[in-house]
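Examination of the molecular architecture
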Amino acid sequence: VVVGEEIDAPKLVLLQLPPFYASKERVVNIAKSLVMWRKLLAGSKPQEVLYVAEAVAKINFVYEANRRRLERLLKHYEVIVAVSKSIPYEMGGEWVNNVISMDPGVALDEEDLKIMKALRSSVKAKENYIVFGGRPSFEKGLAEALVAFSQVAKVHRDLKLVITGRVDEAKVIRACKRLRLNGKVMLAGFVPREERLRIVASAKLVLYPSHVDSFSYAVLESLYLGTPVVGYKIPALEMYFGRQPGVRLVKEGDVEALVVEAANVLEKGIDAVEPPRLRSWEEIMEEEIGLINKLVKR
C-alpha cells in the first residue's frame, strides 16, 4: 500500500483466507474451539480459568478489534481479489460486491493428480485408522477432532487417529491423556507429500472439523484419493463440497453430530467418493493476468 501510494500506482491484493468475519456466530465458534483446546491442556481449575480468559482475550483482539484496522487497510486497494467465493461471503456487507471472487483460484498440479490416481487404484483395502485432515491447530478443529475421536474409539476400540504435520507433541500428548487416548493417537510429524497422500488414501475416513478455510486442499485431496470426509458446514466447505459424494458436513461446533456422522461412515460405509471438477493452473493464471491487465489500464 505504502509503495503504491508513494508512486501513485494502482494496487491489487489477493486474499487467501477471510481477513475477518461478518458473522458473530462464526467468531464465537472459533473462540469456543480455542477454549476447548485450552481446557484440554489445563492441569487444574485455576489454570483452566486462566487459559480460558487468555483465549477469550485473544479472540476478541484477533477477530474483533483487528477487524477495523483490516477494513481500513483494504479500502486503500483499487482491486481486491479472493481465491474463493466463500471469502467475500464471510466478510459480508459491502465486501460481497467489492471483492472479485475466483471460483476457485487454486488447483492441483498434474504431478499430484498422477500420484493420487495411482494411490487410489493401488489401495485395495482401507487400514484401521482415520486421519485428522487439517493443520494441527485449534482453528482447524484439533480439539474437536480429539474429543470426537475419543467417543468413536469407545466403540471402535482398535481404531487409531493419525495426525500429520508439525505440532507441539507435549501438548497433544497431554490432551490425549486427559481424554484417555493413550496409544490411540499417532503423531506422524512432518512427512513427505507423497507419504502423506498415501496415509490419506489408506485411511477409512478424514476428520476435518475446520473453522477456517477458503478452498480446502485437505478435502479435495481426500476425495481424489477415495477417502470420505466428515467436517463442519462452514461456507467454504458447503459451497464447494456440500453436495459432493463422499462428504458429510454437520453444524459447526456440533461435536456430537461429528461423532454420529463419523460413526455412520465407519459402520455403514459410503456409496461413492468423487472429487469435484477442477480448474487447471493455466486457466487460473490467465484469469489472474487478466485482472492485473485491467488494473494497469485504469
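First things first, this report covers the structure right here in the doc.

**Side note on the pairing of strand β9 (residues 247-250)**
- Note: strand β8 (residues 229-232) against β9, four bridges, orientation parallel. Bridge pairing in β9 places V230 opposite R248.
- Following the chain from β8 across helix α11 (residues 235-241) to the adjacent parallel β9, one finds a crossover that is right-handed.

**Quick look at the packing of aromatic side chains**
- What the rule picks out here adds up to three aromatic pairs.
- Ring centres 6.0 Å apart and planes at 65° place the aromatic pair F20 and W95 in the edge-to-face group. Taken as a pair, F20 in the loop between β1 (12-15) and α2 (24-41) and W95 in helix α5 (residues 95-98) lie far apart in primary sequence, 75 residues in all. Like F20, the residue W95 is buried in the burial classification.
- Measuring from centroid to centroid gives 5.4 Å for F215 and F241, while their planes differ by 40°, and the two rings are tilted. Residue F215 is located in the loop between β7 (205-208) and α10 (217-224), and its partner F241 is located in helix α11; the two are separated by 26 residues in the primary sequence. F241 carries the same exposure label as F215, and that label is buried.
- Within the aromatic cluster, the residues linked to one another by ring pairs are F215, Y240 and F241.

**Notes on the environment of K32**
- Along the polypeptide, K32 turns up in helix α2.
- With 107 residues separating them in the primary sequence, K32 and E139 have C-alpha atoms 10.0 Å apart.

**Description of the sheet that holds strand β5 (residues 160-164)**
- Read across the open sheet, the six strands follow the order β6-β5-β4-β7-β8-β9; overall the sheet is parallel. Every interior strand has two partners, whereas the edge strands, β6 (185-189) and β9, have only one. Across the sheet, the mean angle separating the axes of adjacent strands is 25° when strand polarity is ignored.
- Where helix α7 (residues 142-155) meets the sheet, its contacts fall on β4 (129-132), β5, β6, β7 and β8, and the angle it forms with β5 comes to roughly 165°.
- Each of β4, β5 and β7 touches helix α9 (residues 193-201); the most contacted strand, β4, lies at about 130° to it.

Parameters at a glance
Residues numbered from 1 in each chain as written. Predicted model: local features only at pLDDT ≥ 70, side-chain atom pairs only at ≥ 80, totals over all residues. Heavy atoms only, no water. Pairing = 2+ DSSP bridges. Helix = DSSP H or I, 4+ residues; strand = E, 2+ residues; numbered from the N terminus. Right-handed = clockwise from strand over helix to strand, strands pointing away. Phe/Tyr/Trp six-rings, centres within 6.5 Å; stacked < 30°, edge-to-face > 60°. Buried < 20%, exposed > 50% of the residue type's maximum accessible area, 1.4 Å probe, protein only. Axes fitted to C-alpha atoms, helices over the stretch in contact; angles between N-to-C directions. Contact = heavy atoms within 4.5 Å.

Geometric descriptors of this kind do not, in isolation, establish any biological role.
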